[in-house]
Each structure stands twice: as C-alpha cells, then as structure tokens.
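Architecture at a glance
The primary structure of each chain is shown beneath.
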Amino acid sequence: MAFLLSLSHFFISLCFLSCLSIINALSTVSISETSTQTFICVLQHSNQQGQSNLNCTSFPPAIGLQLNPNISYSEIVGGNGFLCALRPPSSSGSIMGCWRFSANATNVPYKRIYRGPVIQDIDAGSSHVCGLVNRTNGLGLECWQWNGFNSSTSMNMSMLSIAVGENFVCGLSQTGDVTCIGTNSRVVGHGPTPGGNYSVVAAGFRHACAISRYGSLDCWGEVEGEKPQGRFVSLALGENRSCALGSDRRVACWGSNNFSMPQSLQDTFFESIVAKRSVFCGVVSSNYSLLCWGTEMFESNRKVFDNVFPGPCRNECRCGPLSNSAKLCDSPSIICQPCPPVFESPLQPPQSSSPPPPPPPPQKEASESGWSNKMVAFLVVGIVGCIIFFLVLAFFLYRHCNCKNRGSRVHDSGPLDEPEAEAAARVLQKRLSHVISMGNGSSLEEFSLQVLLQATNNFSEENKIGIGSFGSVYHATLEDGKEVAIKRAEVSSTSYAVVGGQQDKDNAFVNELESLSRLHHKNLVMLLGFYEDTKERILVYEYMNNGSLSDHLHKLQSSALMSWPLRIKVALDAARGIEYLHNYATPPIIHRDIKSANILLDARWTAKVSDFGLSLMGPHPEDDHSHLSLLAAGTVGYMDPEYYRLQHLTPKTDVYSFGVVLLELLSGHKAIHKNENGVPRNVVDFVVPRIVQDEIHRVLDPRMPPPSPFEIEAVAFVGYLAVDCVRLEGRERPTMSQVVNNLERALDACLAQPTLSRSTTAASFD
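Residues numbered from 1 in each chain as written. Predicted model: local features only at pLDDT ≥ 70, side-chain atom pairs only at ≥ 80, totals over all residues. Heavy atoms only, no water.

With an unreviewed UniProt entry as reference, the chain is termed non-specific serine/threonine protein kinase, source organism Abrus precatorius. Taken verbatim from the UniProt record of the chain, the Subcellular location (unreviewed entry) comment is "Membrane". (UniProt positions renumbered as here; feature names shortened; annotations may be inferred.)

The following block contains the structure:
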C-alpha cells in the first residue's frame, strides 16, 4: 500500500509540474508609485523597426524613461519609485537594469544592476527585487535593493516561482510546497504547511496567498476582508486589498473598506492581473487591452494601453495558443493559453462541461487490497480531526502572540455585569497602584489639593499658561518660593467616567505619571509630584521659564532664538531627549506627540521634551520589523503618514514628527500654515522640495539673519537631515541616535570650518 501511495504521489507531482510551467507566466505589466504619482508600464509588440517593446505612462503625466530603442525586454517589475526590466536571455546569460525616479522626475536614466547567469523569474515588492538565478546546483534565490538579505540562507528547496512582499519573499517548490522567508513575522512562519498542494503563490504588502492545484484559495498574514469562494488560476495582491482571477476568467476582489471589483468590470474576462498597493490592472481577454481600477483616477478612464502581452512569447505551447495572440509576438512565437486543471477537488464535483468520468473499477476485497471501507473511513476521520486540531491550535497561538504585541497595557476590566464607570475606576486605580508599588513614584511628592489650589489661585485663568494632553497647565509658586507648572484634568463629580474623551484623559494622566516617574534625563521635563482622587488628577512639573519652542517660532514678536547655532542646539537637546526614550528607557518609550509645542525651554535655553500623555512602551528602535498595531494618535501636521495609514507604531513615528520640527526651525512656518492665497499648506510639502533642489535659502525663516559662510553649510546639512526624517517609508528614516550624531556635527560646523555634504547624511542611514 505504501508503494502505491508513493507511486500515486509521484504521478500527481509529475502532472502538477507540467501544469506549473504554463501557469507561472513572466510579468509583462508593472505598477510603480511615488508619493504623488502612479507609473504603469507594459510590454507590447514593437510595431516599428528599432522600437523598444517597453511602453510606460504616468498619472498625472510627468515621468519619462531613457530607453534604448534597440533593446527589448522579457519581463518587468515595479515598486515604490522604481522600475526594473529583464532582457531576454542570451548565450552570455541575463541582464537586468532599473530606473529609479521621484515625484518630480522627468527623464530617468537606466542603471544596470545585474549581469550573470540566466534569471528565470523575477518579482518585486514595494522596495525589493528578487529573482531565480540558474546556478550549477539548480535555481537559486537572489535579491537586490535589500540591505541585510543573505541569499545563502534562502529557501532550501528547488523553486519554480517567487513572490515578493514587504520584507519577505515566498517561493513555490517543484512539489507544490510554499515557503516564506524574511523579517515579516506576520507572514513568515504562518503560511501553509508543506504538502505539495499549490500551483500559484502571490505576495501583497504584508500578506500572501496561494492557489491549490484544485483552485481553492489560502491566505495568511495581515489579510483584510473575506476571501471569495470558487476556483482561481492567478492572483494580484496589494496593500490590504486582493484580487483573484477565477477559472471562468472573471476577477473577484476583497479587502479593507469593503473593496470589491467595480460593477462595470464584473462581467469582463481577463487573461492576467497584477497589483501594487492600491492599484490593480488586468489584460482583457477579448482585445488584450489593459484596464485598471482601485483608485479614483481610473474610474472615468480605465483603459491604459492596447495590445498588451498577457504572458511571455513562446515557440511552442502544450495546450495551444491564446486566440489572436500571434499578432503580439514576432513569428513564429505565440502566447500560450493556460492548461485546464489536471485534478478535480475531492470536495467538489467536476464541472458540468467536463466529460463524465469513467466508471470506477471493481472494488477489491479487503483481503486483496489490505484496506477495508471501515479502515478508509477511520483514516479520513483521523486526517480531518488532525487538521481541525492544528487549526484550532494555530488560532489560539495567533491570538496569544497578537495580544502580547498590542500597544495597550494589560488591565483588568472587571466582571461583565459590573457598571462601566466602576470598572474603569477600578482599572485606573489598579494602574496607579501599580506605578507606586513598582517604586516609580517613590521620588515624587504627593501634594495636597489645598496646596495646589492656593498656589494657582484656585486654578484661575490668569495663571493658565497652556493646554496639555489631558488638561490645562498653570504657572504656580509653592510656599517655599519654588516655581512649578501644574497640569490639571477635571473629571465628573461622581466617578471616573469611562466614555470617550474622559477615558482618554485617564489614560493620558497615568501614562504621563508612569513614564516621567521613572525617566530622568536633562532633556526631559522633570515630574515633581502629583495629586489624585475621584474628582481631580493633577501633575506637578518643574517650571520652564522660556516657554515652548512653538511660542518662539510662531507667537513672540521678539525672541532670543534668532541665531542658527542656538536653533541647532535646541534641536540637538530635544533629539537627545527622544533618543533617551527610544534607546535607554527600559522598556523603550514612543512619545507619539513630538511637536514644537511639546519642546520647552528653561532659563538657560536648554530644550526639554514634555507631555507624555500619549506615550506608549514600544519596540527597540533597532528592531525595524516590530511595531505596535493601534489606532493613530497625535497632532495633525506632525503625525507620521505611515502610522496614520497602516496603524503601525514604531520609534520611526517619533522620527517623522521630529523632522517636521526641524522644518519649523529652518523655515519659521507652522506644521500646517496658510500660503500667500490663504490656503492651508503642510510645511513638509512646501519646504522639502526646495531642500531637495538645493534651494534651502528660499525657505529659511525671514526673521533670521542670513547664515554666515560656516553656518550656511550646517543649516543645509540640517535641511537634508529633516528630509530624511520625513520620508514616507519609516524604514528609510534615520534612528534618533543617527539624528543626534548628525546634529552634533552640524552644531560643530557652525563654529569651525565645516566638512559636511549631502552624501554624508544619506550614507549614515544605510
């Protein structure tokens, strides 16, 4: 029996492999994106002599490529700000090159990145490009634009195709196994177990899917939406969105915000589909035109190209050519049509269009085969039971790991029948007691309410100096003459109300008490004491005589911050405070609300970071692949767009906000300000393009004196640093330690002959 099972598995694998060679077509359509544009490229027949078969267009029109008209390409892939193309293999091997562009690119040059043994298949995520390279011991995985990736530790299997996502790559083996490697823990290790069951694998931004040899669909990672049912032949996965091409050549889509196939395209037949983040495209079966969907720009005009290759041109096809595809390829090449499925799923009846199956052979007696009907039934029940057991086990393991990774602190919300107000009061009291019991509050003074009322003149408006994350801030003088700042949050008269903003204020109060009671650094505002009861929650801080950085930049008519060395020193002080939170606090802390209003200045103009009401314990900044998943919080204009879009909180979120502060220091503009026509404008959108074009002198604060020859190079250096801090992708931003090192160099350059350049800032972050 074991021999028969092995023989059966051999024939299944053999037929499966013959089908895979047709299914895994080369990529002939690519989608690239910048912060403001979508760039779509296709491979077409070169109708004119000496014309490349690569054709591209951008939305809105702007980007152009430097193309050699004598060179054609066999495969193209794109990502965030790049397009890579593979030439047809020759006797000397393969050549692959890329075009890298930005939002304001006009004529992008080509740069070769590979020349060597033949590349059989390539794919790209948002940042990385990988390929299967012909080596002496078989196909091997090699990746480009992926710092730290070691191809020698890649998948230990013979692969037929690959799929690249955000910091992970999945491979499909000759036996139909799917394996994923990389640093994305949500995908790697959570995919299908090996079993020789799959014919197609595809990768999205942070999720992956595979199609079994029966046409069924399996997905894992950060998958949103409910996957469709049916039989499918290919996939296109984006960011939180997915589409699958059915065996009937119709496309089904699912994902966040109830993403679905547009109504106008639901009855359209496609030959192939591709996706990148939010944009999806497909080659239409009837005329090989390329239609796109997924964003508003394609709603009115979905057709992007005509006569697009739906697959590679071949010299022969096992299952025949696609109808009318010969016009696309140079004779005698043709484009092959997919072969029909070899096997029917044991869980589904054959399609009605298929011929009826032959009658089953006569059953052998139990004594002849060694397997009785009862034994087979037990075997089936046992296998199904094991599968259910492992699925349940995997579910609980996932829930357990997911809960451990969440950003919210562990708390006891009380019995289900307990009133919400009482439950919240008990949670808050438990957290406060925990802070004190851990010794965090041992150095703090617990003030009486009477003392605080007297010091603030009953919290009068005359003493009010600002507003913090959970309440108003008052200037006060204690009985011993010491000046302090007092932050007060008012609550309801009966309990710790738990609805909406009040619960947020409770959390902010405990966050700040918990954080500052254990943090001690010269660039963090010092917490001196607190008062707390059922009606009042109050924190007492050291008083910062010179107010906030925001006041000096945007409110005060005259300020001492009118020298570039002093402004750079203020930035350096604040950066050191944030660096301490990220690197030296145990556990590390993410502030979440870095802004100029939360950078305060003492009597000696030392800058200190304040207001920890939104702060959370987070991953270490050197761990680029860990994050907290929670709703975005912060201040508009300073909030990290990646955090806002993906709800992934990392230390790089603070880096982005600090980059906005640097732009404020340089330009004197608020994070959100009005332009000459009174239209709101973001300082990032206004200042960054000038810095990139080496025109920082056009956006410097007009109230400041012109920089000296020594100062101008330091100021430009800080500008380049700010640009790196506000990059859209968090992993491309520097750490706060790197920010501190570069600001130290900039400050030194103000006092001595500088040796700074743009390349030194960029190189330090690689």
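1. Details of the overall build of the chain
Across its full length, the chain carries 14 helices and 39 strands. Taken across its 766 residues, the chain has 51% of its residues classed as buried. Counting only carbon and sulfur atoms, one obtains 53% of the accessible surface of the chain, whose full area is about 36500 Å². (Helix = DSSP H or I, 4+ residues; strand = E, 2+ residues; numbered from the N terminus. Buried < 20%, exposed > 50% of the residue type's maximum accessible area, 1.4 Å probe, protein only. Areas by Shrake-Rupley, 256 points an atom, 1.4 Å probe, with all protein chains shown as cover.)

2. Details of the environment of Leu 141
With respect to the secondary-structure elements, Leu 141 resides in strand β10 (residues 138-144). Taking the C-alpha atoms as reference, Leu 141 lies 9.8 Å from Asp 121; in sequence the two are 20 residues apart.

3. Points about the pattern of salt bridges
The tally for this structure, following the rule as stated, stands at 24 salt bridges. Measuring nitrogen to oxygen at the nearest pair gives 3.6 Å for the salt bridge that ties Asp 248 to Arg 250. Overlapping salt bridges, with partners in common, bring together Glu 239, Arg 277, Arg 645 and Glu 729 in one network. (Salt bridge = Lys/Arg side-chain N within 4 Å of Asp/Glu carboxyl O.)

4. Considering the sheet that holds β10
Strand order in this open sheet of three strands is β8-β9-β10, and the pairing throughout is antiparallel. Edge positions in the open sheet fall to β8 (119-124) and β10, since each of these has one partner strand only. Averaged over all pairs of adjacent strands, the angle between strand axes in this sheet comes to 20°, irrespective of strand direction. Here seven bridges tie strand β9 (residues 129-135) to β10, and the two strands are oriented antiparallel to one another. (Pairing = 2+ DSSP bridges. Axes fitted to C-alpha atoms, helices over the stretch in contact; angles between N-to-C directions.)

5. Examining the side chain of Ser 58
In this structure, Ser 58 sits in strand β3 (residues 54-59). Residue classification places Ser 58 among the buried residues on the basis of a relative accessible area of 4%. When sequence neighbours within four positions are dropped, the list of residues in contact with Ser 58 reads Gln 37, Thr 38, Phe 39 and Ile 63. (Contact = heavy atoms within 4.5 Å.)

6. A closer look at the sheet that holds strand β19 (residues 251-255)
The three strands lie next to each other as β17-β18-β19, forming an open sheet whose pairing is antiparallel. A single partner strand is all that each edge strand has here, and the edge strands are β17 (232-237) and β19. The sheet shows a mean angle of 20° between the axes of neighbouring strands, taken without regard to direction. The sheet contact formed by strand β18 (residues 241-246) and β19 spans five bridges and is antiparallel. The residue bridging Ala 244 from the neighbouring strand is Ala 252, located in β19.

7. Section: the pairing of strand β15 (residues 207-212)
Buried residues dominate β15, accounting for six of its six residues. The side-chain alternation of β15 yields two buried faces, one formed by His 207, Cys 209 and Ile 211 and the other by Ala 208, Ala 210 and Ser 212. Relative to β15, strand β14 (residues 198-203) is paired through five bridges, and the arrangement is antiparallel. Paired with Tyr 198 across the two strands is Ser 212, which belongs to β15. Hairpin connection between β14 and β15: a loop of three residues separates the two successive antiparallel strands. One ladder, built from five bridges, connects β15 with strand β16 (residues 217-221); its direction is antiparallel. Note on β16: the bridge partner recorded for Cys 209 is Cys 219. Hairpin connection from β15 to β16: four residues lie between these consecutive antiparallel strands, with Gly 215 at a positive phi of about 95°.

8. Considerations on helix α10 (residues 652-667)
Taking 1.5 Å per residue as the helical rise, α10 with its 16 residues ought to reach 22 Å, and the 23 Å between its terminal C-alpha atoms agrees with that figure. Most of α10 is tucked away: 16 of the 16 residues are buried. Among the residues trailing α10, Gly 668 stands out with phi positive, at a value near 80°. (Expected span 1.5 Å × (residues − 1).)

9. Examining the nonpolar core
Residues Phe 658, Leu 662, Leu 663 and Leu 743 are the most contacted members of the largest nonpolar core, which totals 65 residues. Of all the elements in the fold, those that place two or more residues in this core are α7 (549-554), α8 (564-584), β33 (599-601), β34 (607-609), α10, α11 (683-692), α12 (709-725) and α13 (736-749). The dominant element in this core, judged by the number of residues it contributes, is α8, at 11 residues. Setting aside anything within four residues of it in sequence, one finds Leu 662 in contact with Ala 571, Val 718, Leu 721, Ala 722 and Leu 743. Formed by 18 residues, the second largest nonpolar core is a distinct cluster that contains Val 279, Tyr 288, Leu 290 and Val 304. (Core = buried A, V, L, I, M, F, W, Y, C linked by side-chain atoms within 4.5 Å.)

10. Details of the packing of aromatic side chains
A complete count under the given rule lists nine aromatic pairs for this structure. An angle of 75° between the planes, with centres 5.2 Å apart, marks the rings of Phe 59 and Phe 298 as edge-to-face. Note that Phe 59 is positioned in strand β3 and Phe 298 in the loop between β22 (290-293) and β23 (303-305), a separation of 239 residues in sequence. Its relative accessible area of 22% is what places Phe 59 among the partly exposed residues. Its relative accessible area of 0% is what places Phe 298 among the buried residues. Seen in terms of ring centroids, Phe 270 and Trp 293 are 5.7 Å apart; in terms of plane orientation they differ by 55°. Their pairing is tilted. One end of the pair, Phe 270, is in strand β20 (residues 270-276); the other, Trp 293, is in strand β22, and 23 residues separate them in sequence. With respect to burial, Phe 270 and Trp 293 carry one shared label: buried. In this structure an aromatic cluster arises from ring pairing among Phe 259, Phe 270, Phe 280 and Trp 293. Directly above the ring of Trp 564 sits Arg 567, whose terminal nitrogen or CZ lies 5.9 Å from the centroid. (Phe/Tyr/Trp six-rings, centres within 6.5 Å; stacked < 30°, edge-to-face > 60°. Lys NZ or Arg CZ within 6 Å of the ring centre and 35° of its normal.)

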